[in-house]
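Residue-level listing of the chains:
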Amino acid sequence: MTTEFTPLSAAIGGGLIGLACALLLIFFGKIAGISGLIKSLFNPFTKSSRWKLCFIAGLVLAGVCVQIFKPELLVGELNFPPSMIIIAGLLVGIGTSLANGCTSGHGVCGMSRFSARSWVSTCTFMAIAIITANLVG
Amino acid sequence: MQLIITLILGFIFGLGLIISGMTNPDKVLNFLTFNKHWDGSLIIVMAVAMTIMMGAWFWLTKKGTPLFSEKLSLSDFKQVDMRLITGSVLFGLGWGLSGICPGPGLVQLVSLKTEFWLFFAAVLGGMWITKKV
């Protein structure tokens, strides 16, 4: 489906994402990597699980508030057969788990630190995603 | 107190994902796919977020320690290895197919659409499988 190029809201949204990551780092020395936070749900509950759960809760709460007060902002659907949704989800889960990061941890937080692992990871998943999307789409 | 601030930061992150449009898989797929519908919004989101984070890293490097913590928690993994590359390839495949990465996948659960719950369940399943490896 066609979407409009929205540079202003992209910049505001990117600014909020960057601000959240930056303050988490400056305040507490923590990395806002969403795949890692989600994966930590499988670990036994420890003291360090608490902040992770809070960050996840904040993310979900943002969705809930937008859904209540401005639902037209939270659009989108996955127009694929269920089998393809499951395959894509499994690939995202296995991939981010092996790579220890996704678009947030490697892409936003790691690349800005000039981490070699994050640059290799982000360039790889970007390139593969572009090839995949162009072949399938 | 630290937990409340963390919750607020998660909230800000989530708002950013929604406002930027990155919770819409079509917007991501239209960035990844080069055709007449190409939508460059994603690169602006990444560029702005990364620029702010560069400032944060610069500040932290000068200051030495975070404001309310004695240490910086970084990944234990330091080497570029096959596990990293394999994982990135698989994630790229899944992301290129669906247009959804973990953050937006989590936020979209509140839309209560079955397809997003199915996707997120599969993500959790994938993470669970690799915990056994």
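Residues numbered from 1 in each chain as written. Chains lettered and ligands numbered in written order. Predicted model: local features only at pLDDT ≥ 70, side-chain atom pairs only at ≥ 80, totals over all residues. Heavy atoms only, no water.

### As for the overall build of chain B
For clarity, the threshold we go by: Secondary structure follows DSSP: runs of H or I at least 4 residues long count as helices, runs of E at least 2 residues long count as strands, and numbering of each begins at the N terminus. Between buried and exposed lies partly exposed: a residue is buried under 20% and exposed over 50% of the maximum accessible area for its type, with that area taken using a 1.4 Å probe on protein chains only. Contacts are assigned to residue pairs that have any heavy atoms within 4.5 Å of one another. To be clear on the numbers: accessible area is Shrake-Rupley with a 1.4 Å probe, and residue cover counts the displayed protein chains and nothing else. None of His or the chain ends enter the tally, which takes Lys and Arg as positive and Asp and Glu as negative. Where a charge sits is defined by one atom per residue type, namely NZ (Lys), CZ (Arg), CG (Asp) or CD (Glu).
Assigned secondary structure in chain B consists of 6 helices and 0 strands. When the helices and strands of chain B are placed in sequence order, the string is α-α-α-α-α-α. Overall, the C-alpha framework of chain B stretches about 45 × 35 × 30 Å when taken along its three principal axes. By the burial criterion, 52% of the 133 residues in chain B qualify as buried. Taking the contacts inside chain B whose residues are at least 6 apart along the sequence as the reference set, 38% of them involve residues at least 24 apart. Roughly 6,100 Å² of accessible area belongs to chain B as shown, and the carbon and sulfur atoms make up 71% of that amount. Across chain B, the mean location of the 10 positive side-chain charges is 4 Å away from that of the 6 negative side-chain charges.

### Some words on the interface of chain A and chain B
The accessible area lost on association of the parts is a frequent measure of interface size. To be explicit about the condition: When a carboxyl oxygen of Asp or Glu is within 4 Å of a side-chain nitrogen of Lys or Arg, the pair counts as a salt bridge.
The interface of chain A with chain B comprises 102 residues on the first partner and 100 residues on the second. Here chain A is connected to chain B by 1 salt bridge. Looking at the side of chain A that touches chain B, the elements that each hand over two or more residues are helix H1 (7-28), helix H2 (34-39), helix H3 (49-69), helix H4 (82-99), helix H5 (103-110) and helix H6 (116-136) of chain A. Residue contributions to the side of chain A that touches chain B peak at 21 residues, all from H1(A).

### Thoughts on the confidence of the model for chain B
Predicted coordinates in areas of low pLDDT are best not read in detail. To be explicit about the condition: Scored from 0 to 100, pLDDT reflects the predictor's confidence in each residue.
Across chain B, pLDDT averages 96, with 99% of residues at or above 70. This prediction of the complex comes with two scores: 0.97 for pTM and 0.97 for ipTM.

### Looking at the packing of aromatic side chains
The following threshold applies: Stacked, tilted and edge-to-face are the three classes applied to pairs of Phe, Tyr and Trp rings, where Trp contributes its six-membered ring and a pair requires centres within 6.5 Å; stacked means planes under 30 degrees apart, edge-to-face means over 60, and tilted covers the rest.
Evaluated as defined, the whole model comprises 9 aromatic pairs over all chains. Taking the centre distance of 5.8 Å and the plane angle of 70° together, the rings of A:Phe27 and A:Phe28 count as edge-to-face. An identical accessibility class is assigned to A:Phe27 and A:Phe28; each is buried. One aromatic cluster is present, built from ring pairs that chain together A:Phe27, A:Phe28 and B:Phe68.

### Things to note about helix H2 (residues 25-32) of chain B
With 8 of 8 residues buried, H2(B) lies mostly within the body of the structure. Inspection of H2(B) places B:Pro25, B:Asp26, B:Lys27, B:Val28, B:Leu29, B:Asn30, B:Phe31 and B:Leu32 among the buried residues, and these make up the whole buried set. For H2(B), the elements touching its buried residues are H6 of chain A together with helix H3 (41-63), helix H4 (82-98) and helix H6 (114-132) of chain B.

### Some thoughts on the nonpolar core
Using the following cut-off: Remark: nonpolar core denotes a set of buried residues (Ala, Val, Leu, Ile, Met, Phe, Trp, Tyr, Cys) joined through side-chain atoms within 4.5 Å.
Within the largest apolar cluster, 64 residues are counted, with the highest numbers of intra-cluster contacts made by A:Phe55, B:Phe13, B:Met53 and B:Trp95. Of all the elements, H1(A) adds the most residues to this core, at 10 residues. Contact partners of B:Trp95, with chain neighbours within four places excluded, come to A:Val92, A:Thr103, A:Phe125, A:Met126, A:Ala129, B:Val28, B:Leu29, B:Leu32, B:Leu42, B:Ile100 and B:Cys101.

### Things to note about the packing of H2(B) against H4(B)
Residue and element names in this part refer to chain B. Counted only if it meets this: Orientation is described by lines fitted to C-alpha atoms, with helices fitted over the stretch in contact, and by angles between N-to-C directions that extend from 0 to 180 degrees. If an angle is under 35 degrees, it is roughly parallel; if it is over 145, roughly antiparallel; if it lies from 65 to 115, roughly perpendicular; otherwise it is oblique.
Close contact between H2 and H4 brings their axes to 8 Å; oriented N to C, the two are set at 115°. Viewed along their axes, H2 and H4 adopt a mutual orientation that is roughly perpendicular. Two secondary-structure elements touch here, H2 through Pro25, Val28, Leu29 and Leu32 and H4 through Trp95, Gly96, Leu97 and Ser98.

### Details of unusual backbone geometry
With a phi close to 55°, A:Asn100 is a non-glycine residue in the positive phi region. You can call A:Asn100 partly exposed: its relative accessible area is 31%. One non-glycine residue, B:Leu112, adopts positive backbone phi at about 60°. Within the element layout of this structure, B:Leu112 appears in the loop between helix H5 (102-107) and H6.

### Examining H4(B)
Residue and element names in this part refer to chain B. Rules: To estimate how far a helix should extend, the number of its residues minus one is multiplied by 1.5 Å.
If you check H4, its first and last C-alpha atoms are 24 Å apart, about what 17 residues at 1.5 Å a residue would give, namely 24 Å. Every buried residue of H4 is listed here: Leu84, Gly87, Ser88, Phe91, Gly92, Gly94, Trp95, Gly96, Leu97 and Ser98. Just past H4, the residue Gly99 takes up positive phi, approximately 80°.

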